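Inside the fold
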Amino acid sequence: MHQLTIAEMIRGLQSKAFSSVELTRHLLARIQQLDSSYNSFITVTEELALSQAEAADQRIAKGEAPALCGVPVAHKDIICTNGVRTSCASKMLDNFIPPYDATIVENLNGAGTVTLGKTNMDEFAMGSSNESSYYGPVKNPWNTRCVPGGSSGGSAAAVAALLVPGATATDTGGSIRQPAALTNTTGLKPTYGRVSRWGIVAYASSLDQAGPIARNAEDAAYLLSAMVSHDQKDSTSLNRPHEDFTAGLSDSIAGLKIGVPKEYFGEGLNAETAARVQDALKEFEKLGAELVDINLPHTELAIPAYYVIAPAEASANLSRFDGVRYGHRCENPKDLRDLYMRSRGEGFGEEVQHRILVGSYALSAGYYDAYYNKAQQVRRLIKQDFVQAFEKVDVIMGPTTPSPAFELGAKGADPVAMYLEDIYTIATNLAGLPGMSIPCGLVNNLPVGLQITGNYLDESRMLNVAHQYQQVTDWHQASAV
């Protein structure tokens, strides 16, 4: 049963070929047996999962079940779950148990999904390799000596290892798409504001966005359809009519105009990765799409702009973790200053501390205009590049990452090299656009991802484009296990 996609599970549950309890027990046993090799879960919620599965079976028996009813999922451990530890993979929140569900969890619970557990991640979503977790690094199921990408590496690895058919994830600068690319899964970051951020622990509030990681575009469409809703508790939530993202998957893409940015195929891109991406573009031409050369001239400024804006917002968001109200508290503080300093010094890992310091510096008196304000001006230029590009094309395509997965520890001493792993993904977040990564080949038996960037609120078209590609290729069916 673990080899079934979400769409296949839906059909099996509705036809009574198996029950949700049977499916859930099978996957829980698989997690217990295999996850010690991958470290993709922080918390496994066996009791909760079985109770939800029993309830799902009752809904199915009554004929009252939504499409996803009875389908097991996992949640990234940055997303609050009522009564279940939400740690953000940090010592700071190792003991935090939320008394409420995030809106995205409420929506999926309402759709009848079964929560198997909480997945590992980079601490507070800060990282591109999933090596900064307090609970140890996640390992890539394709090669356990390699990283799975970050920060949503646990969700991606769990899907790639067939421990769960789909999982929630968050993307601040590529943290859904980059791990999807490195693990041969399909990951989608929606338009900023499409999915409520309420109940998701904030990293950089103007960039964070939740979305699904699954085996293919059809499965991602099912998950996204349940995740999306307007939420009055989130001031950035978009008030749009609800969409069924599965409805247009089979539409023809003949005549589609695909923008190919020259900036995505220059120095720094692995030659074999580039070849796999070019092969994918040729497949789209066979499907009737037209390739159009475009320019995104401010692409090279995305990383420096991001690494001012994101740490600045993080320094403000993480100031709430002070050892007073909740989270880690140092032992026997001498005074309030000692309480703050030791609680934060002990609770936050090295990468998080680095980003808080950078962000605090960028926001400090005398430097705000020189750094933060300037980065926001660059952000506007990057957004304008996309606005002009979408006047000529329907979607933009290129590599998701510069190369396949690298070995654990290979870039830990070189933060710039680590930051460059997100060079093709960050601009999408700065512009607030939807983006996704789909499998498009292998290099030395490691996956390569094709990135698809859409116009605002154009997730349906992106999923249709990805699904049509997956109907004529089988890269997404290649398995690590």
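Note: the structure precedes this text.
The structure reproduced in this document is the subject of the present report. These numbers were taken from a predicted model, which means no experiment stands behind them.

**Some remarks on the overall build of the protein chain**
Counting its secondary structure elements, the protein chain contains 15 helices and 11 strands. For the protein chain, whose C-alpha radius of gyration is 21 Å, the value lies close to the compact-globule estimate of 23 Å for 481 residues. Along the first, second and third principal axes, the C-alpha set of the protein chain runs to 65 × 55 × 45 Å. Put simply, of all contacts in the protein chain between residues at least 6 apart along the chain, 75% involve residues at least 24 apart. Carbon and sulfur atoms make up 48% of the accessible area of the protein chain, which amounts to about 18,000 Å² in all. Looking at charge distribution, the protein chain has the averaged site of its 39 positive side-chain charges lying 3 Å from that of its 52 negative ones.

**Describing the packing of aromatic side chains**
Within this structure, the stated rule accounts for 15 aromatic pairs. One aromatic cluster is present, formed by F96, F124, F321, Y326 and F348 through successive ring pairs. Above the face of the W198 ring, K233 is positioned so that its terminal group lies 4.8 Å from the ring centre.

**A closer look at helix α8 (residues 271–286)**
The end-to-end C-alpha distance of α8 is 23 Å, a good match for the 22 Å that 16 residues give at a rise of 1.5 Å each. Considering only its buried residues, α8 is in contact with β7 (257–261), β8 (290–294), β9 (395–399), β10 (435–443), β11 (446–454) and α15 (459–472). Put simply, N270 is the residue that caps the front of α8, since its side-chain oxygen is 2.9 Å from the backbone nitrogen of E272. Just beyond α8, the residue with positive phi is G288, at close to 100 degrees.

**Looking at helix α10 (residues 336–347)**
With 12 residues, α10 extends 16 Å from end C-alpha to end C-alpha; this agrees with the ideal 16 Å at 1.5 Å per step. Burial in α10 covers these residues: D338, L339, S343 and G347. Seen along its axis, α10 keeps its buried residues to an arc of 125 degrees; they face one direction. Within α10, the exposed residues directed more than 90 degrees away from the buried face are R337 and M341. In this structure D335 caps α10, since a side-chain oxygen of it lies 3.3 Å from the backbone nitrogen of R337.

**Focus on the pairing of strand β3 (residues 114–119)**
Along β3, six of the six residues are buried, which leaves the element largely enclosed by surrounding structure. Two elements, strand β2 (residues 72–76) and β3, share four bridges in a ladder whose sense is parallel. Residue pairing in the sheet places V73 in a bridge with T115 of β3. Crossover handedness for the path β2 to helix α4 (residues 103–110) to β3: right-handed.

**A short note on the pattern of salt bridges**
Counted under the stated rule, the structure contains 15 salt bridges. One salt bridge connects D171 with R177, and the closest N-O pair in it is separated by 3.0 Å. Three or more residues are tied together by salt bridges with common partners; here these are R194, E243 and E459.

**Considering the side chain of Q470**
One can find Q470 in helix α15. Judged by relative accessible area, which is 5%, Q470 ranks as buried. Within the structure, Q470 has its side chain in polar contact with the backbone nitrogen of A217 (distance 2.9 Å). Once residues within four sequence positions are removed from consideration, Q470 is found in contact with T186, N216, A217, I438, P439 and H476.

**Details of the side chain of N140**
Summarising the element assignment, N140 is placed in the loop between β3 and α5 (153–160). On the basis of relative accessible area, N140 is assigned to the buried category, the value being 0%. Separated by 3.0 Å, the side chain of N140 and the backbone nitrogen of W142 make a polar contact. Setting aside residues up to four positions removed in sequence, N140 forms contacts with C146, V147, P148, L182, T183 and A405.

**A short note on a nonpolar patch on the surface**
A grouping of V324, L336, Y340 and M341 is seen on the molecular surface, where their side chains present a nonpolar patch of about 380 Å² in accessible area. Mapped onto the elements of the fold, L336 is located in helix α10.

**Quick notes on the nonpolar core**
If you look at the biggest cluster of nonpolar residues, it comprises 132 residues, and the most contacted ones within it are F124, F386, I452 and L463. Examining the composition of this core, we find that 10 residues originate from one element, helix α9 (residues 302–317), more than from any other. If sequence neighbours within four positions are ignored, I452 has contacts with V395, I396, M397, P434, G435, M436, I438, M462, V465 and A466. Residues C146, V147, M418 and L446 belong to the second largest nonpolar core, which totals eight residues.

**Some remarks on unusual backbone geometry**
Following G150, the chain continues to S151 via a peptide bond in cis, the omega torsion being 5 degrees. Residue placement: S151 occurs in the loop between β3 and α5. One non-glycine residue with positive phi stands out, namely N332, at about 50 degrees. By the element assignment, N332 lies in the loop between α9 and α10.

**With respect to the state of the cysteines**
As enumerated under the stated definition, the model contains zero disulfides in all. Just so you know, C440 is unpaired, no disulfide at all, and the nearest cysteine sulfur is the one on C146, 17 Å from it. On the basis of relative accessible area, C440 is assigned to the buried category, the value being 2%.

**Concerning the packing of helix α2 (residues 20–34) against helix α3 (residues 46–61)**
At a minimum axis separation of 8 Å, α2 and α3 run at an interaxial angle of 160 degrees. Of the possible angle classes, the one that applies to α2 and α3 is roughly antiparallel. Judged by the twist between their axes, the crossing of α2 over α3 is right-handed. Together, S20, V21, T24, R25 and L28 of α2 and E46, A49, L50, A53, E54, A56 and D57 of α3 make up the contact between the two elements. Split into classes, the residues belonging to the contact of α2 with α3 amount to six nonpolar, two polar and four charged.

Conventions we followed
- Residues numbered from 1 in each chain as written.
- Predicted model: local features only at pLDDT ≥ 70, side-chain atom pairs only at ≥ 80, totals over all residues.
- Heavy atoms only, no water.
- Helix = DSSP H or I, 4+ residues; strand = E, 2+ residues; numbered from the N terminus.
- Rg over C-alpha atoms; globule rule 2.2 N^0.38 Å.
- Contact = heavy atoms within 4.5 Å.
- Areas by Shrake-Rupley, 256 points an atom, 1.4 Å probe, with all protein chains shown as cover.
- Lys, Arg positive; Asp, Glu negative; His and termini not counted.
- Charge placed at Lys NZ, Arg CZ, Asp CG, Glu CD.
- Phe/Tyr/Trp six-rings, centres within 6.5 Å; stacked < 30°, edge-to-face > 60°.
- Lys NZ or Arg CZ within 6 Å of the ring centre and 35° of its normal.
- Expected span 1.5 Å × (residues − 1).
- Polar contact = N/O pair within 3.5 Å; in protein donor to acceptor, adjacent residues only side chain to side chain.
- Buried < 20%, exposed > 50% of the residue type's maximum accessible area, 1.4 Å probe, protein only.
- Arc of directions from axis to C-beta.
- Pairing = 2+ DSSP bridges.
- Right-handed = clockwise from strand over helix to strand, strands pointing away.
- Salt bridge = Lys/Arg side-chain N within 4 Å of Asp/Glu carboxyl O.
- Patch = residues over 30% accessible without salt bridge, like charges linked within 9 Å, V, L, I, M, F, W, Y side chains within 5 Å.
- Core = buried A, V, L, I, M, F, W, Y, C linked by side-chain atoms within 4.5 Å.
- Disulfide = S-S within 2.5 Å.
- Axes fitted to C-alpha atoms, helices over the stretch in contact; angles between N-to-C directions.
- Parallel < 35°, antiparallel > 145°, perpendicular 65-115°, else oblique.
- Left-handed = near helix turned anticlockwise from the far one by under 90°.
- Nonpolar A, V, L, I, M, F, W, Y, C, P; charged D, E, K, R; others polar.

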